[in-house]
Amino acid sequence: METRPMDLTPAPYFRDIADGPEGGEAHWVTTKDGLRIRVGHWLPDGLPREAIKGTVLIFPGRTEYIEKYGPAAIDLGRRGFATLAVDWRGQGLADRMLDDRRLGHVQHFPDFQQDVAAVVQLAQQLDLPKPWFLLAHSMGGAIGLRALIEGLPVKTCAFTGPMWGIQIPAAMRPVARILGALAPHLGFSAMRAPTTTKGHYVQSAPYEGNTLTNDADMYRFMQEQLEAQPDLTLGGPTVHWLSEGLQECAALAQRPSPALPCITFLGSDEQIVNTDAIKDRMQRWPGGELDLVQGAQHEVVMEGPAIRQHTFDRMCALFDQYRG
């Protein structure tokens, strides 16, 4: 069955805060279940289209948005790659799921695959340079893993701090499961999960002692983006999101690794996702490699220049190897 072409409707793109390549654009895309999401894309500065090596599909993490990946698009562009990023349902400028737009929520975690399908269709319609590659961060790592298992058309993949398990104290895990099971019956599914904040993490937590990055400039970059565009702000997840996220991680853990070359970057100071789940997955990923990045926290591609250079050099070397 032939797919009907999308209407290429321009969407806002905040180039003044993105610090991305010149000529970046964004489009609105409607998913099959009727939600509007935002997709941005960049071509490398000063590189003829025929010389572009391919396109990296960036699957962001929870609370993230297109403009946050402007610097990553610069780094990828310098290495010859075009870039695409997406505002998932419930975040960025995409349709939010609840009246309180600062609550992170999703009805069912696999619903994100409808966003993936819309992204792929748009990338095809825009004729973004092929081959395509995947770079998935945090929550995007869970979305990306399922997408790969279900046939995402990429040559190879890279992950940074993927959410293949959520970091919850062992004693709290049974509580989280019970809370998630009871929430729909007791009417508090849409309540914010305990210990999380109403505002975005970088707006409520000082740089000192933060759990995202060891680079003060990048932390300030994230703060300034949200100061300039408050509508991009997303706070803590709902109880239902947490329950769905735990279920998705458990379901994915039972699936075999895709038959694709893979490199996963894990910060030595990671505090947000479950590192044991990442190590377990990479031990059973044929052709996969785990790169433990010394001195990095969760946001490996938003650390200092040396760590960013190491990370982008290594992932792009893998992409180069499998371009043919």
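Conventions we followed
- Residues numbered from 1 in each chain as written.
- Predicted model: local features only at pLDDT ≥ 70, side-chain atom pairs only at ≥ 80, totals over all residues.
- Heavy atoms only, no water.
- Helix = DSSP H or I, 4+ residues; strand = E, 2+ residues; numbered from the N terminus.
- Rg over C-alpha atoms; globule rule 2.2 N^0.38 Å.
- Buried < 20%, exposed > 50% of the residue type's maximum accessible area, 1.4 Å probe, protein only.
- Contact = heavy atoms within 4.5 Å.
- Areas by Shrake-Rupley, 256 points an atom, 1.4 Å probe, with all protein chains shown as cover.
- Lys, Arg positive; Asp, Glu negative; His and termini not counted.
- Charge placed at Lys NZ, Arg CZ, Asp CG, Glu CD.
- Axes fitted to C-alpha atoms, helices over the stretch in contact; angles between N-to-C directions.
- Parallel < 35°, antiparallel > 145°, perpendicular 65-115°, else oblique.
- Left-handed = near helix turned anticlockwise from the far one by under 90°.
- Nonpolar A, V, L, I, M, F, W, Y, C, P; charged D, E, K, R; others polar.
- Polar contact = N/O pair within 3.5 Å; in protein donor to acceptor, adjacent residues only side chain to side chain.
- Salt bridge = Lys/Arg side-chain N within 4 Å of Asp/Glu carboxyl O.

A. How the structure looks around the overall build of the protein. The number of helices and strands found in the protein is 10 helices and nine strands. The globule rule puts the C-alpha radius of gyration for 324 residues at 20 Å, and the 18 Å found for the protein is close to it. Here the protein holds 324 residues, and 59% of them are scored as buried. Sequence separation of 24 or more characterises 75% of the internal contacts of the protein that already satisfy a separation of 6 or more. For the protein, the exposed area adds up to about 13,800 Å²; of that, 52% sits on carbon and sulfur atoms. Here the protein carries 30 positive and 38 negative side-chain charges, and the mean point of each set is 4 Å from the other.

B. Examining the packing of helix α2 (residues 70-78) against helix α10 (residues 305-321) more closely. For the pair α2 and α10, the least separation of the axes is 10 Å and the interaxial angle reads 55 degrees. Overall, the two elements α2 and α10 adopt an arrangement that is oblique. With respect to the hand of their crossing, α2 and α10 are arranged in right-handed fashion. In this structure, α2 uses A72, D75 and L76 to contact α10, whose residues at the interface are R308, F312, M315 and C316. Among the residues forming the contact of α2 with α10, the class breakdown is five nonpolar, no polar and two charged.

C. Layout of α2. With eight of its nine residues buried, α2 lies for the most part within the structure. All buried positions along α2 are accounted for by G70, P71, A72, A73, I74, D75, L76 and G77. Against α1 (15-18), β3 (36-42), β4 (54-59), β5 (81-87), α7 (216-228) and α10 lie the buried residues of α2. G80 occupies a position one or two residues after α2 and carries a positive phi of about 95 degrees.

D. Representation of the side chain of S257 in the model. Locating S257 in the fold gives a position in the loop between α8 (239-253) and β8 (262-267). Among the polar contacts made by the side chain of S257, one reaches the side chain of R281 at a distance of 2.9 Å. At a separation of 3.0 Å, a polar atom in the side chain of S257 contacts the main-chain carbonyl oxygen of R284. With near-sequence residues (within four places) excluded, S257 lies in contact with R281, R284, W285 and P286.

E. Focus on the pattern of salt bridges. Taken as a whole and assessed by the stated rule, the structure comprises 19 salt bridges. In this structure, the salt-bridge partner of R38 is E67, at a minimum N-O distance of 2.8 Å. Within this pair, whereas R38 is found in strand β3, its partner E67 is found in the loop between β4 and α2, the two being separated by 29 residues in sequence. E67 gets classed as buried once you look at its relative accessible area, which sits at 0%.

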